[in-house]
Amino acid sequence: MAERDEVRERTQHILEDLRRGLEFHASSFREIDEKAKYWLTVGVPSLIGLSGYAFQKGFSLSPYLLSLIIAVVICLFAAVYFFAATIGSSSISAGILLPEDQKAESCLYYSQSDETWGQYETLRVGNTLSALLSNERQNKRKGSRLQVAEALLFRGVPTAACVAASCAALIDVCVAHGRGIGPTAVIATGIAVGTGTAAAFWIATHRRTSKA
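Residues numbered from 1 in each chain as written. Predicted model: local features only at pLDDT ≥ 70, side-chain atom pairs only at ≥ 80, totals over all residues. Heavy atoms only, no water.

A count of helical and extended segments in the chain gives 5 helices and 0 strands. Counted from the first residue to the last, the chain has its helices and strands arranged as α-α-α-α-α. Within the chain, the proportion of its 212 residues that are buried is 34%. Nonlocal contacts in the chain, meaning residues at least 24 apart in sequence, comprise 84% of its contacts between residues at least 6 apart. Only carbon and sulfur atoms are counted for the fraction: they give 61% of the accessible area of the chain, which is about 12800 Å². (Helix = DSSP H or I, 4+ residues; strand = E, 2+ residues; numbered from the N terminus. Buried < 20%, exposed > 50% of the residue type's maximum accessible area, 1.4 Å probe, protein only. Contact = heavy atoms within 4.5 Å. Areas by Shrake-Rupley, 256 points an atom, 1.4 Å probe, with all protein chains shown as cover.)

Shown next as structure tokens:
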């Protein structure tokens, strides 16, 4: 009897450890979602505002400024997408053992004897462990998306802005005046180089978070 009590006590300790892991994941999910929602409140209005301004002004803006704005808009769109994809999860497990037929009698079955109760404890540990591993994968996926979104927002956006404007100015000075290239080509080149540089940050961050 004492040995059985000792086994149950150890089982309870294991369950408590696993439950602490589930609580950690729940807390981590909330923190990631709150951070993503905060940056969405910054990114979405900025995206809409810059897009509307560029659409309204069009080619009345200087080629350098228009290149900068469009490159930033593209990076902001990608950042907003990843922030939005971060929120929520496809599946979150609670680790609760539920009967497949969803009847109370099936739950009470395990309380009939010491043998069935031992089966119940084994199933509880297995179910909780499975939930912990599932939530660990979800947590890693959410964290990876958040890191990519932050990299695009904090590194990609300013880099795209600087590179797009600088490249457009360089093309305009070195090539356009000499060969009669119009402002459209200057703008397109600035946008392509600026967003391409920002994409390089995304690729580097994505590879780093995938290996983590």
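What follows continues from the structure just given.
With that settled, the discussion passes to the nonpolar core. In terms of nonpolar packing, the biggest core is built from 27 residues, with Leu76, Phe83, Leu153 and Val157 touching the most fellow members. Those elements that place two or more of their residues in this core are α1 (2-57), α2 (63-86) and α4 (114-179). By residue number, the principal contributor to this core is α2, which donates 11 residues. Contacts of Phe83, omitting those with residues within four sequence positions, involve Ala36, Trp39, Leu40, Leu146, Ala149, Glu150 and Leu153. (Core = buried A, V, L, I, M, F, W, Y, C linked by side-chain atoms within 4.5 Å.)

With that out of the way, let us pick up the confidence of the model for the chain. Where the model shows low pLDDT, its predicted coordinates should not be examined in detail. Averaged over every residue, the pLDDT of the chain is 77; the share at 70 or more is 74%. Confidence, read as mean pLDDT per element, is least for helix α3 (residues 104-108) in the chain (66) and greatest for α2 (87). (pLDDT = per-residue confidence, 0-100.)

One can find Val73 in helix α2. Separated by 84 residues in the primary sequence, Val73 and Val157 have C-alpha atoms spaced 8.3 Å apart. When neighbours within four sequence positions are excluded, Val73 is seen to be in contact with Leu47, Leu50 and Ser51.

To continue, consider the packing of aromatic side chains. Considering all chains together, one arrives at 3 aromatic pairs under this definition. Both rings, one in Tyr38 and one in Trp39, keep their centres 4.9 Å apart while their planes meet at 75°; by these two values the pair is edge-to-face. Ring plane angle 80° and centroid distance 4.9 Å describe the contact between Trp39 and Phe154, whose orientation is recorded as edge-to-face. Of the two residues, Trp39 sits in helix α1 while Phe154 sits in helix α4, which places them 115 residues apart along the sequence. Through a chain of ring-to-ring contacts, the aromatic side chains of Tyr38, Trp39 and Phe154 assemble into a single cluster. (Phe/Tyr/Trp six-rings, centres within 6.5 Å; stacked < 30°, edge-to-face > 60°.)

Summed over the entire model, instances satisfying the criterion amount to 2 salt bridges. For the salt bridge of Lys142 with Asp33, the shortest nitrogen-to-oxygen distance reads 2.6 Å. Placement of the pair is Lys142 in helix α4 and Asp33 in helix α1, with a sequence separation of 109 residues. We classify Asp33 as buried; its relative accessible area is 15%. Salt-bridge contacts for Lys35 lead to Glu150; the nearest nitrogen and oxygen are separated by 4.0 Å. Placement of the pair is Lys35 in helix α1 and Glu150 in helix α4, with a sequence separation of 115 residues. (Salt bridge = Lys/Arg side-chain N within 4 Å of Asp/Glu carboxyl O.)

To continue, consider α2. Over its 24 residues, α2 runs 35 Å from end to end, which matches the ideal 34 Å to within 8%, given 1.5 Å per residue. Just past α2, the residue Gly88 takes up positive phi, approximately 80°. (Expected span 1.5 Å × (residues − 1).)

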